Amino acid sequence: MSNLTGKTAVITGGNSGIGYATAKKFKADGANVIITGRSLERVQAAADELGVKGIVADVSDLSALDDLVEQVKNEYGQLDILFVNAGIFAPAPVGQNSEEMFDTQMGINFKGAVFTIEKFLPLLKEGASIINLSSINAYTGMSNTAIYAASKAALNAYSRTAATELAPRKIRVNVVNPGPVSTPIFGKTGMPEAQLNDFAAAMQDRIPLKRFGQPEDIANLVAFLASDEASFITGAEYNIDGGMNVNPILS
Ligand SMILES: NC(=O)c1ccc[n+]([C@@H]2O[C@H](COP(=O)([O-])OP(=O)(O)OC[C@H]3O[C@@H](n4cnc5c(N)ncnc54)[C@H](OP(=O)(O)O)[C@@H]3O)[C@@H](O)[C@H]2O)c1
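Residues numbered from 1 in each chain as written. Predicted model: local features only at pLDDT ≥ 70, side-chain atom pairs only at ≥ 80, totals over all residues.

Remarks on the overall build of the protein chain
In step 1: Within the protein chain, the secondary structure is distributed over seven helices and seven strands.
In step 2: When the elements of the protein chain are put in sequence order from the N terminus, they spell out β-α-β-α-β-α-β-α-β-α-β-α-α-β.
In step 3: Over its C-alpha atoms the protein chain spans a radius of gyration of 17 Å, differing by no more than 12% from the 18 Å that the globule rule assigns to 251 residues.
In step 4: Projecting the C-alpha coordinates of the protein chain onto the three principal axes gives extents of approximately 50 × 35 × 35 Å.
In step 5: For the protein chain, the residues scored as buried account for 43% of the 251 residues in total.
In step 6: The long-range fraction of contacts in the protein chain, counting pairs at least 24 apart against all pairs at least 6 apart in sequence, stands at 72%. (Helix = DSSP H or I, 4+ residues; strand = E, 2+ residues; numbered from the N terminus. Rg over C-alpha atoms; globule rule 2.2 N^0.38 Å. Buried ≥ 20, exposed ≤ 12 C-beta atoms within 10 Å, placed from the backbone. Contact = placed C-beta atoms within 7 Å.)

Some words on unusual backbone geometry
In step 1: For lysine 170, which is not a glycine, the phi torsion comes out positive at approximately 60 degrees.
In step 2: Its place among the elements puts lysine 170 in the loop between α5 (146-166) and β6 (172-178).
In step 3: The backbone of lysine 210 shows a phi angle near 55 degrees, a positive value even though the residue is not glycine.

Let's talk about the packing of helix α1 (residues 17-28) against helix α7 (residues 215-226)
In step 1: Following both chains from N to C, one finds α1 and α7 inclined at 55 degrees, their axes separated by 8 Å at the closest point. By the angle between their axes, α1 is oblique relative to α7. The handedness of the crossing between α1 and α7 comes out as right-handed. On α7, the residues that touch Gly17, Ile18, Tyr20, Ala21, Thr22, Lys25 and Phe26 of α1 are Pro215, Glu216, Ile218, Ala219, Asn220, Val222 and Ala223. (Axes fitted to C-alpha atoms, helices over the stretch in contact; angles between N-to-C directions. Parallel < 35°, antiparallel > 145°, perpendicular 65-115°, else oblique. Left-handed = near helix turned anticlockwise from the far one by under 90°.)

Examining helix α3 (residues 62-76)
In step 1: Taking 1.5 Å of rise per residue, 15 residues should cover 21 Å, and α3 covers 21 Å from first to last C-alpha, within 8% of that figure.
In step 2: Taken together, the buried positions of α3 are Leu65, Leu68, Val69 and Val72. The buried side chains of α3 occupy one side of the element, clustering within an arc of 95 degrees when seen end-on. Counted as exposed and oriented over 90 degrees from the buried face of α3: Ser63, Glu70, Asn74 and Glu75. (Expected span 1.5 Å × (residues − 1). Arc of directions from axis to C-beta.)

Written out as C-alpha cells, the structure reads:
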C-alpha cells in the first residue's frame, strides 16, 4: 500500500528485473516515472511497455549522469524519489579478481550509485526519498562474491552518512538488502545454465521460506519507503530475503 500520486521518480536500471517491477508499481501508485539503463533498445522497449519515460545513461560514466540530470531537470524540474537500483553481479573467487573486474563492479555498484545521488541532489525536493538497492551479500561471506559484497557494503556505509547529512533537508535515505530474487541478473554472469540451476537450488534450500523473491516483492517495499507513509524512516536498512539472513544452522 502506498500512494505516490503526483510524485516524480527516477529509477536507475529500470529496464529489467527489480527496477522494471518498481517502475510498474510506482506508476500504478500514481507517480511520474523515468527509467534509465545502458542500452537505447532495452530502455526504449521497457519504457514503451510501462508507459513511462526512458533515458539512456550508464551510471559508471559521470558525464552521462550529468546529461541525465540535465534532461530530468529540463523536463521535470524537481524530483521526489530517487531509486538507485542499477547494478551488476560478477562473481569470482578470491585470487581471481582482475583489476578490470574490480573497476567494473565497483564502478557501477558503488561509484555509479554514489554519483547518481551526488549529481541528483540539487534536484531533490525537501522531503524527497532516496532508496539504495544493496544486497544481503553486504553482510555475508558467500563464496565468489567478495568484490560484489564489498561494493554493496560500501554503498550501505555511504547511505548511513548521507542519511545524517541530508536530514536537515528532510531527505530520507534508506537501503534495501534483498536475498536472491528471480531476475535476469544471474543469466548475465555467463555461468552455464546447469551451473546456474545448481546454484539456484542450493540457494533456495538455504531460504527458510523456500523460494526466491520476486521483483514485485522488492518493488512493494521500495514503494513504501518512497511514500510519505515512511516519513519517519531514514538511515534504515531492510533485509528482504525470505529469512535467509536468520537461517538457523539447525532448525
Ligand atoms: N536479483 C537478485 O537476486 C539481487 C539480490 C540482491 C541485490 N540485487 C541488486 O538489485 C539491483 C537490480 O538487479 P536485478 O536483479 O533487477 O538485475 P537486472 O534484471 O540485471 O537489472 C539490472 C538493471 O541495471 C541496469 N544496469 C546495469 N549496469 C548499468 C549501468 N552501468 N548503468 C545503468 N544501468 C545499468 C541493467 O541494464 P542492462 O539492461 O544494460 O543490463 C538493468 O536494467 C542490482 O543493484 C543488484 O545488485 C539483486
